[in-house]
Amino acid sequence: MVSVSTARTSRELWTDLKNRYSSANPTRDFELTRSISTIKQAGAPITEYYVKIKTLWDELYQYKLLPVCKCGSCSCGADKISMAQQNKEKLLQFLMGLDDQYEHVTNQILLMDPLSDVNKAYGQISQVERKQTVDQNDKKNMVTQKETDIQDSIAMQVGTQAAGRSSHAGTNNHRFKRNSS
């Protein structure tokens, strides 16, 4: 194992790092693939979930080789087919990890023909999340306003009753006995 301080050349260091951390390592491929297949949103914001899964994808696909076209001018479209397949895999993995509250959006995305790009799907789900946040804030504001109205109403009733009692205190109808000791 080579370290920065023991490497004789930058090439030697680079080769060691590449062998150690490259995705060509089947164990790391397995670990990344498992993480991608089991990752869940679990109540986290969409952005946080997307960044986590995208980081895993980036590492997994960093060293994967795409099929290379043999025709020279790439008239066969092998690269486009491969990229479309990779996007489909990413899209399905992303949608599978979403919380159940996004099921209706997931269904809409899956019904698209052709399938949406994973980045567009992320954008759509982010919009739904923002809408839900606005709706929740509106509901909280309405509840808070109702609670404030109720408290104000109670305070007015208590204030009116207290004022009514004190207004009778000085009339002739109320006699107070003085304690003469």
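Provided above is the structure to which this section pertains.
So, here is what we can say about the structure in this document. (Residues numbered from 1 in each chain as written. Predicted model: local features only at pLDDT ≥ 70, side-chain atom pairs only at ≥ 80, totals over all residues. Heavy atoms only, no water.)

Some details on the overall build of the protein
Applied cut-off: What counts as a helix is a DSSP run of H or I of at least four residues, what counts as a strand is a run of E of at least two, and both are numbered from the N terminus. When a residue's accessible area, from a 1.4 Å probe over protein chains only, is under 20% of the maximum for its type it is buried; when over 50% it is exposed; and in between it is partly exposed. Note on contacts: a residue pair is in contact if any heavy atoms of the two residues lie within 4.5 Å.
A tally of regular secondary structure across the protein gives 6 helices and 0 strands. Along the protein, helices and strands appear, N-terminal first, in the series α-α-α-α-α-α. Residues counted as buried form 22% of the 181 residues belonging to the protein. Look at the contacts in the protein between residues 6 or more apart in sequence, and 61% of them connect residues 24 or more apart.

Brief notes about the packing of aromatic side chains
Defined as follows: Two aromatic rings, drawn from Phe, Tyr or Trp (for Trp, its six-membered ring), form a pair once their centres lie within 6.5 Å of each other, and the interplanar angle then sorts them: stacked below 30 degrees, edge-to-face above 60, tilted otherwise.
In this structure the tally under the stated criterion is 4 aromatic pairs. Their ring planes at 75° and their centres at 6.3 Å tell us that Y50 and W57 sit as a pair that is edge-to-face. The buried category is assigned to Y50, whose relative accessible area is 8%. Residues Y50 and F94 carry aromatic rings whose centres are separated by 5.5 Å and whose planes lie at 90° to one another, so their mutual orientation is edge-to-face. Highlighted residues: Y50 in helix α3 (residues 46-62) and F94 in helix α4 (residues 78-96), separated in sequence by 44 residues. Accessibility assignment for this pair places Y50 and F94 in one class, buried. By way of ring pairs, the aromatic residues Y49, Y50, W57, F94 and Y122 are connected into one cluster.

Brief notes about the side chain of Q41
Stated precisely, the cut-off is as follows: Distance and chemistry together define a polar contact, namely a pair of N or O atoms within 3.5 Å, with one atom able to donate a hydrogen and the other to accept it when in protein, and with adjacent residues in sequence counting only for side-chain atoms on both sides.
In this structure, Q41 sits in the loop between α2 (26-38) and α3. Here D99 takes part through its backbone nitrogen, which lies 2.9 Å from a polar atom of the side chain of Q41. Those residues in contact with Q41 that lie beyond four places of it in its chain are I46, Y49, G97, L98, D99 and Y102.

Observations concerning the packing of α3 against α4
This is how it is decided: As a rule, the C-alpha atoms of each element are fitted with a line to give its axis, helices using only the stretch in contact, and angles between N-to-C directions run from 0 to 180 degrees. Take the far helix as your reference; a near helix turned counterclockwise from it by less than a right angle gives a left-handed crossing, and one turned clockwise gives a right-handed crossing. Residue polarity follows a fixed list, in which Ala, Val, Leu, Ile, Met, Phe, Trp, Tyr, Cys and Pro are nonpolar, Asp, Glu, Lys and Arg are charged, and the others, Gly among them, are polar.
As a packed pair, α3 and α4 sit with axes 11 Å apart at the nearest point and diverge in direction by 145°. Crossing geometry of α3 relative to α4 is assigned as right-handed. Here Y49, Y50, I53, W57 and Y61 of α3 lie close against α4, whose contacting residues are Q86, E89, K90, Q93 and F94. When the residues that make up the contact of α3 with α4 are grouped by side-chain class, the tally is 6 nonpolar, 2 polar and 2 charged.

A word on the packing of α2 against α3
Short version of the rule: Our angle categories are set so that under 35 degrees counts as roughly parallel, over 145 as roughly antiparallel, 65 to 115 as roughly perpendicular, and the remainder as oblique.
Running from N to C, α2 and α3 point in directions that differ by 155°, and their axes come no closer than 10 Å. Viewed along their axes, α2 and α3 adopt a mutual orientation that is roughly antiparallel. Seen along the crossing, α2 lies across α3 with a hand that is left-handed. Contacts between α2 and α3 pair R28, D29, L32, T33, S35 and I36 from the former with I53, L56, W57, E59 and L60 from the latter. A class-by-class count of the residues in the contact of α2 with α3 yields 6 nonpolar, 2 polar and 3 charged.

Some remarks on the nonpolar core
Soluble globular proteins tend to bury their nonpolar side chains together. Stated formally: Here, the term nonpolar core denotes a set of buried Ala, Val, Leu, Ile, Met, Phe, Trp, Tyr and Cys residues that are joined through side-chain atoms within 4.5 Å.
If you look at the biggest cluster of nonpolar residues, it comprises 22 residues, and the most contacted ones within it are I53, W57, F94, L98 and I125. When contributions to this core are tallied by element, the ones reaching two or more residues are α2, α3, α4, α5 (103-110) and α6 (118-168). Counting residues per element, this core draws most heavily on α3, which supplies 8 residues. I53 has contacts with I36, I39, Q93 and F94, leaving out every residue within four places of it along the chain.

These figures capture arrangement, not role.
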